[in-house]
Amino acid sequence: MHWRLLRNNISSICNAQQICLLQKRAISRSTFPASAAIITKSCNNRSANESCTRKAASGIKTTAISSKQDKTATTEASDLHAAHLKQLEEEHKHMLEQYAESQQILDKYSVMPGKSSDYMSLLHRITSENASDTSRAQQPLVLKKISDSFTETYLPFKDNLALREEYINYYGDIRLGKVLEDLDRLAGAVAYKHASDAEGNLAPIVFVTASVDRIDLKSRLSPDRNYRLAGTVTYVGFSSMEIYIKIQAVPVPGEPSEQEPNLVARFTMVGRDKYTGKSSQVNPLLLEDESQRRLVKISEQIKEHKKKTADANLYKQPPNAEERLVIHQLWLDTKDYQSNTYGSHTSLPSDMTWLDKTVMESVTICFPSERNVHNKIFGGHLMRLAHELSFANGSVFTKSRPSYVSLDDFSFKKPVNIGSILRLTSQVVYTEPENGTFQVAVSVDVIDNLTDTVERTNTFYFNFSSPSATVTRVIPRSYEDMMKYLEGRRRAQTGKLISKLQGAMQ
């Protein structure tokens, strides 16, 4: 309607044939320039016709140039957008290719059976191998560099939606229990890679996770980022090795190429001869520079501290002088809440909780799908089960959603067989209300339903923080609970020391 009215105005003003030709050309455009309409409308007398026409033509020409510039700018913007989409597509493709390649490496040096492997054939193969050729000569040792054991994998949550769906929890964060499984799997791959020969062939050695020194979550893992997991050997003994693992976000354009670690972990792996089950010497480590010698020195410091802690185990030695003062102070803090009836207590104030009131249990059966290549239950699976129970206990204890902080030093004392009935018992054993943190111990026991016996495999110690709720003090009221409290306190102190030393390795 607008351009029709404009056409009528021009026809009434312009009588010359040349002007009419101009009119027709202008009207034939898909959009008539508004600037020309304004200029033409201002020409309301015959004497100004020629001037008006020149102005209108000038306006049309200027607007045409502007329109061409706009079109060019739009085309450029469209090209930039297409280039950006192409870049994102290439990055997405490259990430998935890296993920696939890293999975092939993990499959080669795997602690888990192949997805297509049959359980009974695997059991038959392991049994026949162990029953024959026990005198097989050990593979010659190879002097290995730290870089030789370097192994990496990826968790492309951003680019692999199926993977993200598998790892997401109910409030939109990453399930850390699943990540703990990945860490244990990667540690095993690093160990097997270090123990391989010069051509990368596997040695006749079986590796098991002996202990986890510390796992620190430095910052939250986001489901909208891709992450890189990298591990390497940092210390080698006769049959054991310590492995350092870190998780970093894959940088996006505009970010530094080297990101601060989101998570750091230390595993100790032990090698056994595949046929005799005895300790088997692993490849020694070649240190190339001062920084690598510093890594080994830090590992030796951690190992020495762990040895001292083990020698002072509460099952071997009574509490030291400082710990006896802690016990005495706890008794003083709660003596006013003891009733006149022997063995009973009155209610505690709102900022205290009896330690024996924080127990939460779960029971599960171990299925073949959770086995490792040694036909035992995968240690990472046990860590995931324990972490999820500790999180549930912490949620009830704080009446909030706690945040995982770290996993303290623990050892796998006994392997867990397929078909075992597992009882996991969690308990809040230590708190630091001034820091808003607390520790949940999770004991894992195997129940033998035929002999009615219970055998403990290990105890995990998870540390949490509660930013949105007040952490109450846990108070032991028996000697056994006192020992649990002191053990939790020791684990927390050792963990902080290891965490500090690990920080020096970055």
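It should be emphasised that the depicted structure is a prediction, and the values quoted were computed from it without experimental measurement. (Residues numbered from 1 in each chain as written. Predicted model: local features only at pLDDT ≥ 70, side-chain atom pairs only at ≥ 80, totals over all residues. Heavy atoms only, no water.)

With that settled, consider the packing of helix α7 (residues 176–195) against helix α10 (residues 379–398). For any two helices packed against each other, the geometry is given by the interaxial angle and the distance between the axes. Look at α7 against α10: their axes get within 8 Å of each other, and the N-to-C directions meet at 160°. By the angle between their directions, the pair α7 and α10 is classed as roughly antiparallel. As α7 packs across α10, the resulting crossing turns out to be right-handed. Taking contact as the criterion, the partners of Leu176, Gly177, Lys178, Leu180, Glu181 and Asp184 in α7 are, on α10, Gly379, Gly380, His381, Met383, Arg384 and His387. Per-class residue counts for the contact of α7 with α10 are three nonpolar, five polar and four charged. (Axes fitted to C-alpha atoms, helices over the stretch in contact; angles between N-to-C directions. Helix = DSSP H or I, 4+ residues; strand = E, 2+ residues; numbered from the N terminus. Parallel < 35°, antiparallel > 145°, perpendicular 65-115°, else oblique. Left-handed = near helix turned anticlockwise from the far one by under 90°. Contact = heavy atoms within 4.5 Å. Nonpolar A, V, L, I, M, F, W, Y, C, P; charged D, E, K, R; others polar.)

Turning next to the pattern of salt bridges. With the rule as written, the count across this model stands at 27 salt bridges. Between glutamate 152 and arginine 228 there is a salt bridge, with the nearest N and O atoms lying 2.7 Å from each other. Highlighted residues: glutamate 152 in strand β2 (residues 151–156) and arginine 228 in strand β4 (residues 226–236), separated in sequence by 76 residues. For glutamate 152, a relative accessible area of 24% translates into the label partly exposed. Of the charged contacts, one joins arginine 225 and glutamate 255 as a salt bridge, the two residues approaching to 2.9 Å between their closest N and O atoms. In this pair, arginine 225 is assigned in the loop between β3 (205–217) and β4 and glutamate 255 in the loop between β5 (240–249) and β6 (263–273), connecting sequence segments 30 residues apart. Here the residues in one salt-bridge network are Arg175, Glu181, Arg384 and Glu388, joined through shared partners. (Salt bridge = Lys/Arg side-chain N within 4 Å of Asp/Glu carboxyl O. Buried < 20%, exposed > 50% of the residue type's maximum accessible area, 1.4 Å probe, protein only.)

What follows deals with the pairing of β3. Within β3, 10 of the 13 residues are buried, which leaves it mostly tucked inside the rest of the structure. Two elements, β3 and β6, share 11 bridges in a ladder whose sense is antiparallel. Counterpart to isoleucine 205 in the pairing with β6 is aspartate 273. As paired strands, β3 and strand β11 (residues 410–411) are joined by two bridges and run antiparallel to one another. Residue pairing across strands places serine 211 opposite serine 411, the latter belonging to β11. As paired elements, β3 and strand β10 (residues 403–407) share two bridges and run antiparallel to each other. The residue of β10 that forms the bridge with isoleucine 215 is leucine 407. (Pairing = 2+ DSSP bridges.)

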